[in-house]
Amino acid sequence: MATAAAASASSSLLAPAASTAPAAPNALLFPSSVPSLRAYPRLLLAFRRPAAAAVADPQGAVLEEEVEAGQYEDDDDGGYEGGRGSAFTPPTRPRTGKAALPLKRDRTRSKRFLEIQKLRESKKEYDVPTAISLMKQMASAKFKESAEAHFRMNLDPKYNDQQLRATVNLPKGTGQTVKIAVLTQGEKIDEARAAGADIVGGDELIEQIKGGFMEFDKLIASPDMMPKVAGLGKILGPRGLMPNPKAGTVSPNITQAIEEFKKGKVEYRVDKTGIVHIPFGKVDFPEEDLITNFMAVVRSVERNKPSGAKGIYWKTAYLCSSMGPSIKLNIKEMLDYGTDSSN
């Protein structure tokens, strides 16, 4: 007996001491040896219950003992009632005001815009006189809005033979005062001043522009000044003020160029998306004058059709005021109307 007691005592001394450090969290959730899932009722019930119960019990699956004790009852929908309650469904508020509008773009519009756009049908195609009349009715801003035409053309301007850039003389004018600067030298300086140019100069005007002087709407240059004007490309190009023969701003006849822009000559070009934007007057013009200007624009765009344009040239055409909704035009009627008026 004494020998056995001594042996047990010695074996107990040799055995490693039990660790008093707390077990890691992962060791409690995922022990190294799991005899059976039945020993872990939370894990067992987590595999049995549906997803709705997981929302109702975010802290973990309820114990089987709690279910058997009646604290949680299985309902017909597969969720659990009682105790912590059924799955929570957040209440939905009914949308009111602009948030209730079906179109996203209308949710950021002003009340004025939402009211005036009710005057026209968004998908209907109008003839030219009706569209002009509607545009005048919908121009309700506190300033004199411009009348604008927007044409989507079947053009890809990245190709040289599909670029559209030209000018059009509006018979009834633009309704705007254009400030014109002229770059020339010699006797043409006096001619430009007599023709009504607001600013006239040569080398000294070029230096002023390099210094940041931009108080003009159009810059006209005589051909002999173009080598000197070439250095202003980085300054004038991004602003659309660089003289160009296609735009009529490089001309040997300075007097004629000034008179044309003063009377209502407008430059237009197709942008990178294939759209042409052209102002053709003010909304306070008489309807007949707006129609005359608009049809002059249509004839000019049709006449300057690029050689590389293939298939249908006109895709869509819209009219609008500066702050008003767009009005879609019937392209066939628009082109026919232009042909009739020209005859």
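Remember, predicted model here, so these are calculated numbers, not experimental data.

## Focus on the overall build of the protein
Alright, step 1. When you go through the protein residue by residue, the secondary structure sums to 14 helices and 11 strands.
Alright, step 2. Per-residue burial over the protein gives 35% buried out of 343 residues.
Alright, step 3. Restricting to contacts in the protein with at least 6 residues of sequence separation, those with at least 24 account for 65%.
Alright, step 4. Split by element, the accessible area of the protein, about 21,100 Å² in all, is 53% carbon and sulfur.

## Observations regarding the sheet that holds strand β7 (residues 218–221)
Alright, step 1. Here three strands make up an open sheet; going across it, the order is β6-β5-β7 and the pairing parallel. Here the strands that pair on one side only, and so sit at the sheet edges, are β6 (199–201) and β7. Averaged over all pairs of adjacent strands, the angle between strand axes in this sheet comes to 15°, irrespective of strand direction.
Alright, step 2. Where strand β5 (residues 180–183) lies against β6, three bridges are found, and the strand directions are parallel. Across the sheet, the residue bridging to Ala 181 is Ile 199, located in β6.

## Quick notes on the nonpolar core
Alright, step 1. By size, the foremost hydrophobic cluster in this structure holds 41 residues, and its most contacted members are Phe 151, Phe 280, Phe 294, Val 301, Trp 314 and Met 334.
Alright, step 2. Of all the elements in the fold, those that place two or more residues in this core are α7 (128–138), β3 (146–153), β4 (165–169), β8 (265–269), β9 (275–282), α13 (287–303), β10 (314–321) and α14 (331–342).
Alright, step 3. Residues contacting Val 301, with those up to four places away along its chain left out, are Phe 151, Met 153, Leu 164, Tyr 268, Ile 278, Tyr 313 and Trp 314.
Alright, step 4. One finds Ile 199, Ile 206, Leu 236 and Leu 241 within the second-largest nonpolar core, a separate group that totals 14 residues.

## A closer look at the pairing of β5
Alright, step 1. Of the two faces of β5, the one holding Ile 180 and Val 182 and the one holding Ala 181 and Leu 183 are both buried throughout.
Alright, step 2. By the bridge criterion, four bridges tie β5 to β7 in an arrangement that is parallel. The residue bridging Leu 183 from the neighbouring strand is Ala 221, located in β7.
Alright, step 3. Read as a crossover between parallel neighbours, the route from β5 over helix α8 (residues 188–195) to β6 is right-handed.

## A short note on α13
Alright, step 1. Over its 17 residues, α13 extends 24 Å from the first C-alpha to the last, a length consistent with the 24 Å expected when each residue adds 1.5 Å.
Alright, step 2. Those residues of α13 that fall on the buried side of the exposure criterion are Leu 290, Ile 291, Asn 293, Phe 294, Met 295, Ala 296, Val 297, Val 298, Ser 300 and Val 301.

## Remarks on the sheet that holds β10
Alright, step 1. On the basis of which strands lie adjacent, the open sheet formed by four strands has the order β9-β3-β10-β11 and antiparallel pairing. The sheet is open, and its two edges are formed by β9 and β11 (327–328), each paired on a single side.
Alright, step 2. As judged from the two bridges shared by β10 and β11, these two strands associate in the antiparallel manner. Among the inter-strand pairings, Leu 319 is bridged to a residue of β11, identified as Ile 327.
Alright, step 3. In the packing of α13 onto the sheet, the strands contacted are β3, β9 and β10, and the crossing angle to β9 comes to about 155°.

## What to know about the pattern of salt bridges
Alright, step 1. Counted under the stated rule, the structure contains eight salt bridges.
Alright, step 2. Here Lys 144 ties to Asp 284 by a salt bridge, and the two come within 3.5 Å at their closest N and O atoms. Of the two residues, Lys 144 is situated in the loop between α7 and β3 and Asp 284 in the loop between β9 and α13; the sequence distance between them amounts to 140 residues.
Alright, step 3. Given the relative accessible area of 58%, Lys 144 is considered exposed.

## Quick look at the environment of Ile 291
Alright, step 1. By secondary structure assignment, the location of Ile 291 is in helix α13.
Alright, step 2. On the basis of relative accessible area, Ile 291 is assigned to the buried category, the value being 13%.
Alright, step 3. In sequence terms Ile 291 and Lys 172 are 119 residues apart; their C-alpha atoms lie 9.8 Å from each other.
Alright, step 4. Contact partners of Ile 291, with chain neighbours within four places excluded, come to Val 128, Pro 129, Ile 132 and Tyr 337.

## Side note on the pairing of β10
Alright, step 1. Pairing of β3 with β10, which is carried by seven bridges, proceeds in the antiparallel orientation. Bridged to Phe 151 within β10 is Ala 317.
Alright, step 2. Counted between consecutive antiparallel strands, the loop separating β10 from β11 contains five residues.

## Here we look at the side chain of Glu 267
Alright, step 1. Considering the arrangement of structural elements, one finds Glu 267 in strand β8.
Alright, step 2. Its relative accessible area of 19% is what places Glu 267 among the buried residues.
Alright, step 3. At 2.8 Å, the side chain of Glu 267 and the side chain of Arg 165 are in polar contact.

## Re the packing of α8 against helix α12 (residues 254–263)
Alright, step 1. The interhelical angle for the contact between α8 and α12, taken along N-to-C directions, is 25°, at an axis separation of 9 Å. Classed by the angle they form, the pair α8 and α12 counts as roughly parallel. Crossing handedness for the pair α8 and α12: right-handed. For the pair formed by α8 and α12, the contact residues are Lys 188, Glu 191, Ala 192 and Ala 195 on the first element and Ile 254, Thr 255 and Ile 258 on the second.
Alright, step 2. Taken together, the residues that form the contact of α8 with α12 break down as four nonpolar, one polar and two charged.

What counts and what doesn't
Residues numbered from 1 in each chain as written. Predicted model: local features only at pLDDT ≥ 70, side-chain atom pairs only at ≥ 80, totals over all residues. Heavy atoms only, no water. Helix = DSSP H or I, 4+ residues; strand = E, 2+ residues; numbered from the N terminus. Buried < 20%, exposed > 50% of the residue type's maximum accessible area, 1.4 Å probe, protein only. Contact = heavy atoms within 4.5 Å. Areas by Shrake-Rupley, 256 points an atom, 1.4 Å probe, with all protein chains shown as cover. Pairing = 2+ DSSP bridges. Axes fitted to C-alpha atoms, helices over the stretch in contact; angles between N-to-C directions. Core = buried A, V, L, I, M, F, W, Y, C linked by side-chain atoms within 4.5 Å. Right-handed = clockwise from strand over helix to strand, strands pointing away. Expected span 1.5 Å × (residues − 1). Salt bridge = Lys/Arg side-chain N within 4 Å of Asp/Glu carboxyl O. Polar contact = N/O pair within 3.5 Å; in protein donor to acceptor, adjacent residues only side chain to side chain. Parallel < 35°, antiparallel > 145°, perpendicular 65-115°, else oblique. Left-handed = near helix turned anticlockwise from the far one by under 90°. Nonpolar A, V, L, I, M, F, W, Y, C, P; charged D, E, K, R; others polar.

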